[in-house]
Amino acid sequence: MATVRETFETWARWADAGERVASATVVRVAGSAPRPEGSRFLATASGQMSGSVSGGCVENDVCLLCQRVLEGADPILVTYGIADEEAFEVGLACGGTIQVFVEVMDGATPRAVCELIAAERPGSLATVVDGPGAGSVALLDAGGEVVSGSLPEGIVDDVAADAVRLAETEQAVTLTYGDHDVFVETLAPAPRLVIWGADEVAIPLSAMARHAGFRVTICDPRPAFAVADRFPDAEAVVVGWPGDVAGEVPLDAGTYVVSLTHDARVEDPLLPRVLESPARYIGAMGSRRTHAKRLERLASDGWSPESLARIHGPVGLDIGGESPAEVAVSILAEMIQSRYRAGTGESLRGREGRIHRQRPGEADV
């Protein structure tokens, strides 16, 4: 599935070439479905296509709807599901239901989204998908201010408040405001993973994290280990001690830090710096005994129990893995759980309730 960045880059490339582009976006999901909210399918008047809303189940029909809006039809909200009489001709064989909003993608707002993404700034995109003003769209900044486009007057403040709230867990959902259904989509920069310790676990962790959407930086004071060729999936490989490379390794609210060194010479200068930052996740490898000693050293330096509780140590979810790749899976799974602030880390088998993340106002499915 294409990322938001890839989708808008594709739109910009086609628009710059003079193409008119239609967008079909998944704006509601009920039950099990092959693509989540925010998944997009793009089509041009000349027949170019990109993306997916269902993994192939309904793309033929969606493509026809894209051509219809390109020919002048109003934006269209359409529902697909297994309950349809023609489920196997146009529908979802997985048993779920999706709503797809089809519109022409033009004007200043898509260009403003491209600029926001390129600048790695957070924001939200709000689109009226049903009710008065369907097709109205606005780009909001991280504080909820409209920076491009517009929404119906009476709902702007409520949409802005919800956009800021949803951004905390990077959600994309359709919410109802009176007669208006509005799809609110978080536009978050790709999270950064900083791995300290260029060891054998770092190699699969950097590869899997990149495929999960993280930008990876490898750090290690040992030049023989911190070699770019060993980490082809990393965006950067930095050689140096924590105090020496602080300026090269930003620590913001979108940063995840994992220490694989279990070496006090690295961690003692590293962890205080990370604890002082708003980093989203802090993980530290080592046995329970190693972690207890780590916490003792930090506590003796004045760090409170609340601050120390931010450190996931021993790092990772308990999946019984032992090989470097298996340990990397365990760590990445815990990072993803922290990213969306959801999930229990338990097996889905035998558990009741929904599988996918709860959407605001939605009952268990």
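Heads up: the structure comes first, above all this text.
Criteria and thresholds
Residues numbered from 1 in each chain as written. Predicted model: local features only at pLDDT ≥ 70, side-chain atom pairs only at ≥ 80, totals over all residues. Heavy atoms only, no water. Core = buried A, V, L, I, M, F, W, Y, C linked by side-chain atoms within 4.5 Å. Buried < 20%, exposed > 50% of the residue type's maximum accessible area, 1.4 Å probe, protein only. Helix = DSSP H or I, 4+ residues; strand = E, 2+ residues; numbered from the N terminus. Contact = heavy atoms within 4.5 Å. Polar contact = N/O pair within 3.5 Å; in protein donor to acceptor, adjacent residues only side chain to side chain. Axes fitted to C-alpha atoms, helices over the stretch in contact; angles between N-to-C directions. Parallel < 35°, antiparallel > 145°, perpendicular 65-115°, else oblique. Left-handed = near helix turned anticlockwise from the far one by under 90°. Nonpolar A, V, L, I, M, F, W, Y, C, P; charged D, E, K, R; others polar. Pairing = 2+ DSSP bridges.

A. Local environment of the nonpolar core. Of all hydrophobic cores here, the largest spans 23 residues; its most connected members are Leu193, Ile331 and Met335. For this core, the elements supplying multiple residues, two or more each, are β11 (192–196), α5 (202–211), β12 (215–220), β14 (255–259) and α9 (324–340). Examining the composition of this core, we find that 5 residues originate from one element, α9, more than from any other. Among all residues touching Met335, those that are not within four sequence positions of it are Leu193, Phe214, Tyr256, Val258 and Tyr281. With 20 residues, the next largest nonpolar core counts Val62, Val69, Leu70 and Val102 among its residues.

B. Region of interest: the environment of Val4. Along the chain, the position of Val4 falls in helix α1 (residues 4–16). Separated by 21 residues in sequence, Val4 and Thr25 have C-alpha atoms that sit 11 Å apart. Those residues in contact with Val4, other than ones at most four positions away along the chain, are Ile117, Glu185 and Leu187.

C. Geometry of the environment of Thr176. Within the secondary structure, Thr176 is located in strand β9 (residues 172–177). Through-space distance from the C-alpha of Thr176 to that of Ile155 is 9.8 Å; in sequence the pair is 21 residues apart. Separated by 2.8 Å, the side chains of Thr176 and Asp181 make a polar contact.

D. A look at unusual backbone geometry. Residue Pro314 follows Gly313 across a cis peptide bond; omega there is -5 degrees. When you line up the elements, Pro314 lands in the loop between β16 (311–312) and α9. Phi at Glu120 takes a positive value of approximately 55 degrees, unusual for a residue other than glycine. Phi at Glu170 is positive, roughly 55 degrees, even though this residue is not glycine. Its location among the elements puts Glu170 in the loop between α4 (156–167) and β9.

E. Here's a closer look at the packing of α5 against α9. Between α5 and α9, whose axes approach to 8 Å, the crossing angle comes to 45 degrees. Put simply, α5 runs oblique to α9. In this structure, the crossing between α5 and α9 has a hand that is right-handed. Between α5, through Pro204, Leu205, Met208 and Ala209, and α9, the contact on the second element is made entirely by Pro324, Ala325, Ala328, Val329, Ile331 and Leu332. When its residues are assigned to classes, the contact of α5 with α9 shows 10 nonpolar, no polar and no charged.

F. Looking closely at the side chain of Ser148. Mapping Ser148 onto the fold places it in strand β8 (residues 146–149). Among the residues examined, Ser148 registers a relative accessible area of 10% and is labelled buried. Of the polar contacts made by the side chain of Ser148, one reaches the side chain of Thr109; its length is 3.0 Å. Beyond its immediate stretch of four places on either side in the chain, Ser148 contacts Ala108, Thr109, Ala112, Val137, Ala138 and Leu139.

G. Examining the sheet that holds β8 more closely. Spatially, the 5 strands line up as an open sheet ordered β8-β7-β6-β10-β9, and their pairing is antiparallel. In this open sheet, the two strands that pair with only one neighbour each are β8 and β9. Strand after strand, the sheet turns through a mean of 25 degrees between neighbouring axes, direction not considered. Against the sheet, helix α3 (residues 108–118) touches β6 (123–130), β7 (137–141), β8 and β10 (180–187), its axis set at about 25 degrees to β7.

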